[in-house]
Amino acid sequence: MPSPNTIKTYIENGYYHVYNRGVEKRRIFEETRDYQRFVNYFKLYLSPIESLRREDPLLRSSIVNANLSDQVDLLAYCLMPNHFHILLKQRTKDGMTKLMRQISTGYSMYFNKKYERVGALFQGIFKACLVENEDYLLHLSRYIHQNPKDRGVSLSDFQWSSYSAYMRKSEQEWLKPQDILGYFSTTNAANSYKNFVEENLPGEQNLSLDHLIME
């Protein structure tokens, strides 16, 4: 029987919670450079081409051809030592698959070469769950950003998630928090979102977390 969320519903303009972890629950990020490498794939594949060309006028055609900035919007992410969570919107039916294939293949090759290992790095194909209502979309962003809460660092200071961008501490062209922040206060969306993420909300326990469990 297939693992939950390995069989996916592909729709245009669909929001998805994408996640995976290391094979045999192993670490997939050993040091800072590993996290940086993974995040750099977001930049390469999701930044507008014109932005990449400003940084590198001699941008390789292979990067241009692999770019998915017109097919996928990245809304939120969190990288933990042995797993990751991503919230995205795919504008085309295969945008998510293209992005995750490129990231998973590229990062696995980098990791295996660096640490002199062979074989699969991730626990099978990435998992993806279609988000079908606004309440769940907001709850997912909260869940993703709360992942580091037991690591002894404030959520906004955790370096390997999109939360600092939501708090207006950083900004990247390849990250699109507007879809989430648009549901919050028009006068101070960042502060409203901070309260939403960092305070316990009544009724939250009624939202099912079944698909978030990594078997």
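Shown above is the structure to which this text applies.
Residues numbered from 1 in each chain as written. Predicted model: local features only at pLDDT ≥ 70, side-chain atom pairs only at ≥ 80, totals over all residues. Heavy atoms only, no water.

A. Structural detail: the overall build of the protein. When you go through the protein residue by residue, the secondary structure sums to 8 helices and 4 strands. For the protein, the N- to C-terminal ordering of α and β elements is β-α-α-α-β-β-α-β-α-α-α-α. Excluding contacts between residues fewer than 6 apart, the proportion of contacts in the protein whose partners are at least 24 apart in sequence is 73%. As displayed, the protein offers around 11400 Å² of accessible surface, 48% of which is attributable to carbon and sulfur atoms. (Helix = DSSP H or I, 4+ residues; strand = E, 2+ residues; numbered from the N terminus. Contact = heavy atoms within 4.5 Å. Areas by Shrake-Rupley, 256 points an atom, 1.4 Å probe, with all protein chains shown as cover.)

B. Molecular detail of the side chain of N20. Along the chain, N20 turns up in strand β1 (residues 14–21). For N20, a relative accessible area of 3% translates into the label buried. At 3.5 Å, the side chain of N20 forms a polar contact with the side chain of K127. (Buried < 20%, exposed > 50% of the residue type's maximum accessible area, 1.4 Å probe, protein only. Polar contact = N/O pair within 3.5 Å; in protein donor to acceptor, adjacent residues only side chain to side chain.)

C. View of the packing of helix α5 (residues 134–146) against helix α8 (residues 189–198). Packing of α5 against α8 brings their axes to within 9 Å, and their N-to-C directions diverge by 75 degrees. Comparing the axis directions of α5 and α8 gives the class roughly perpendicular. Contacts between α5 and α8 involve L138, H139, S141, R142, H145 and Q146 from the former and Y193, F196 and V197 from the latter. Tallied by class, residues from the contact of α5 with α8 come to 4 nonpolar, 4 polar and 1 charged. (Axes fitted to C-alpha atoms, helices over the stretch in contact; angles between N-to-C directions. Parallel < 35°, antiparallel > 145°, perpendicular 65-115°, else oblique. Nonpolar A, V, L, I, M, F, W, Y, C, P; charged D, E, K, R; others polar.)

D. Structural context of helix α4 (residues 95–114). Its 20 residues give α4 an end-to-end C-alpha distance of 29 Å, which sits within 8% of 28 Å, the value for a rise of 1.5 Å per residue. E116 sits one or two residues past α4 and shows a positive phi near 55 degrees. (Expected span 1.5 Å × (residues − 1).)

E. Representation of the sheet that holds strand β4 (residues 127–131) in the model. Pairing within the open sheet is antiparallel, and its 4 strands lie in the order β2-β3-β1-β4. Two strands bound the open sheet, and with one partner strand each, they are β2 (72–80) and β4. On average, each strand axis in the sheet is inclined to that of its neighbour by 15 degrees, with strand direction left out of account. Bridge count for β2 against strand β3 (residues 83–90) is 8 bridges, and the pairing is antiparallel. Following the sheet pairing, V72 is matched in β3 by Q90. Seen against the sheet, α4 touches β1, β2, β3 and β4 and runs at an angle of roughly 150 degrees to β3. Relative to the sheet, α5 contacts β1, β2, β3 and β4, its axis offset from that of β3 by approximately 150 degrees. (Pairing = 2+ DSSP bridges.)

F. Geometry of the pattern of salt bridges. Taken as a whole and assessed by the stated rule, the structure comprises 10 salt bridges. Here E30 makes a salt bridge to R27, at a shortest N to O gap of 3.4 Å. Put simply, K194 and E198 hold a salt bridge, and the shortest N to O gap is 3.2 Å. Residue K194 and its partner E198 are located together in helix α8, separated by 4 residues, close to a single helical turn. By relative accessible area, which is 31% here, K194 ends up partly exposed. (Salt bridge = Lys/Arg side-chain N within 4 Å of Asp/Glu carboxyl O.)

G. Region of the structure containing the packing of helix α1 (residues 32–46) against α4. Closest axis-to-axis distance for the α1/α4 pair is 10 Å, and the angle between their directions is 150 degrees. In terms of orientation, α1 and α4 fall into the roughly antiparallel class. For α1 against α4, the interelement crossing comes out right-handed. Packed against α1, whose contacting residues are R33, D34, R37, F38, Y41, F42, Y45 and L46, the element α4 presents L99, Q102, I103, G106, Y107, Y110, F111 and K114 at the interface. Here the contact of α1 with α4 is built from residues that sort into 10 nonpolar, 2 polar and 4 charged. (Left-handed = near helix turned anticlockwise from the far one by under 90°.)

H. Looking closely at the packing of aromatic side chains. Counted by the stated rule, this structure contains 21 aromatic pairs. Between F184 and F196 the ring centres are 5.3 Å apart and the planes differ by 55 degrees, which places this aromatic pair in the tilted class. Note that F184 is positioned in the loop between α7 (178–181) and α8 and F196 in helix α8, a separation of 12 residues in sequence. By relative accessible area, which is 16% here, F184 ends up buried. (Phe/Tyr/Trp six-rings, centres within 6.5 Å; stacked < 30°, edge-to-face > 60°.)

Purely geometric stuff here, so don't read any function into it on its own.
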